[in-house]
Each structure stands twice: as structure tokens, then as C-alpha cells.
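Listed here are the chains, written in short residue letters.
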Amino acid sequence: QLQFVESGGGLVQPGGSLRLSCVASGFTLDNYVIGWFRQAPGKEREGVACISSSDGTAYYADSMKGRFTISRDNAKNTVFLQMNALEPEDTAVYSCAASRLFVLSDPAYFYWGQGTHVTVSS
């Protein structure tokens, strides 16, 4: 089965940090744009960040700029999301997926994983 497996979520206090991992299963992610998305309870899924397949160029949603960093290690078939200065509003299920396009729009993505839960609370 072609999918991603996400990990690294958990409970963290406001201002804290987490590092999420996204491992490709059944395929290699070298030639794909990889995106992180999140869905908070009762809300629509929104794009967090994406990273190009070629030179590692990254794009972030406005509310994540300066706090989140996306990176990839093709040798490990893994993409990471370093999240700093977390806020309660960041509480959501975080998922990753692949695309052929460098866009942060979920209709362009496939091979979705089950996601990892992030809860930011004191």
C-alpha cells in the first residue's frame, strides 16, 4: 500500500516544540513535492508547508512562517516538520501527502497517511 506514516505528535505546553516525521511506505519520495497539512476538530483541513522535490525549496502558510520548518531526507525516505513556539491554535491532526505540483492545496495531493495528533495545552 502506498502511503505515508506520520509520527512525533503528542501533548506539549504552549511555547513548546515538536518534531514530526513522515515516512513514505511502498514508494520513494525523491520525485514528489511533499506537503504537511493539519485538521483541527470541527475545521477544514489546511495546508501547513510543502517542500520541493528538486532543491528543497519550502513554502509555508502565513501563520506558520518563522515557527515551523519543513525538511526532507530522501536517503531516509522521510520528511520532517519542526514546530516551535506552539500555540493552542496549532492543536490538530497533522498529515503528510505527495504531489506532482509545488502547491499547498490538498486536492493536488495523494498517498495520505493517517496523521499524528498534536495537542498544545497547559
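Residues numbered from 1 in each chain as written. Predicted model: local features only at pLDDT ≥ 70, side-chain atom pairs only at ≥ 80, totals over all residues. Heavy atoms only, no water.

1. Structural notes on the state of the cysteines
Counting across every chain of the model gives one disulfide. With a sulfur-sulfur separation of 1.8 Å, C22 is cross-linked through a disulfide to C96. Across the disulfide from C22 to C96, rotation about the S-S bond amounts to roughly 85°, and the bridge is consequently right-handed. Of this pair, C22 sits in strand β3 (residues 18–25) while C96 sits in strand β9 (residues 92–99); the two residues are 74 residues apart in sequence, bridging distant segments of the chain. (Disulfide = S-S within 2.5 Å. Helix = DSSP H or I, 4+ residues; strand = E, 2+ residues; numbered from the N terminus.)

2. With respect to the pairing of β3
Pairing analysis gives five bridges linking strand β1 (residues 3–7) to β3, with the strands arranged antiparallel. Bridge pairing in β3 links V5 to V23. Sheet topology note: the β3/strand β8 (residues 78–83) ladder contains six bridges and is antiparallel. Its bridge partner lying in β8, S21 is registered against F80. (Pairing = 2+ DSSP bridges.)

3. Section: the packing of aromatic side chains
Taken as a whole and judged by the stated rule, the model has nine aromatic pairs. For the pair F4 and F27, a centre-to-centre distance of 5.2 Å together with 85° between the ring planes defines the contact as edge-to-face. Taken together, the residues span a long stretch of sequence, with F4 in strand β1 and F27 in the loop between β3 and β4 (33–39) at a distance of 23 residues. The burial state of F4 is the same as that of F27; both residues are buried. Geometrically, the ring pair formed by F110 and Y111 is edge-to-face, given 4.8 Å between the ring centres and 90° between the ring planes. Classification of F110 by relative accessible area gives partly exposed; the value is 27%. Connected via pairs of aromatic rings, a cluster forms that spans F4, F27, Y32, F110 and Y111. The ring of F80 carries R19 above its face, with NZ or CZ at 3.9 Å from the centroid. Residue placement shows R45 over the ring face of W112; its charged tip is 3.8 Å from the ring centre. (Phe/Tyr/Trp six-rings, centres within 6.5 Å; stacked < 30°, edge-to-face > 60°. Buried < 20%, exposed > 50% of the residue type's maximum accessible area, 1.4 Å probe, protein only. Lys NZ or Arg CZ within 6 Å of the ring centre and 35° of its normal.)

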